[in-house]
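Reading the structure
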Amino acid sequence: MQFTYTTQLLKEGDTYIGYSPEFDVSSCGDSTEEARTRLHEAVKLFLDEARRIGTLDRILEESGYTKRENNWIAPEFLGFERQAVAV
């Protein structure tokens with residue numbers, strides 16, 4: 001089974017962060033490529049473990065995926081916006 005997920009890349013100091021909002025999973029690295037690769041590994045481990053303990057379907061549903069026949073369809077990605085708020 002194959003899943004599509006969103007990768008959000010951020011930079012905090014000298015560290016690059018890869019984040020998947022669908023699964024609330026993140027990882028980091030010394031470059032964007034390393035952060036992306038480590039995030040991919042983290043998402044795979046997360047989904048493999050969810051499948052192993054029997055919670056994969058529930059996690060996918062809670063993450064916005066819909067099941068059609070025997071395939072899971074990812075939620076539609078619309079984009080990110082940066083906004084400011086005064087406090």
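Overview of the structure. Given the structure is predicted, the values throughout are model-derived calculations rather than measurements.

1. Re the pattern of salt bridges
In the structure shown here, the tally under the stated rule is 5 salt bridges. Among the ionic pairs, Arg36 bridges to Glu33, the shortest N-O distance being 2.9 Å. Of this pair, Arg36 and Glu33 both sit in helix α1 (residues 32-53), 3 residues apart, which is roughly one turn of that helix. What makes Arg36 partly exposed here is its relative accessible area of 34%. Of the charged contacts in the structure, one is a salt bridge between Glu34 and Arg38, with a shortest N-O distance of 3.1 Å. Placement of the pair is Glu34 and Arg38 together in helix α1, with a separation of 4 residues, close to one helical turn. Of the residues examined, Glu34 reaches a relative accessible area of 27% and is grouped as partly exposed. Judged by its relative accessible area of 37%, Arg38 falls in the partly exposed class.

How each quantity is defined
Residues numbered from 1 in each chain as written. Predicted model: local features only at pLDDT ≥ 70, side-chain atom pairs only at ≥ 80, totals over all residues. Heavy atoms only, no water. Salt bridge = Lys/Arg side-chain N within 4 Å of Asp/Glu carboxyl O. Helix = DSSP H or I, 4+ residues; strand = E, 2+ residues; numbered from the N terminus. Buried < 20%, exposed > 50% of the residue type's maximum accessible area, 1.4 Å probe, protein only.

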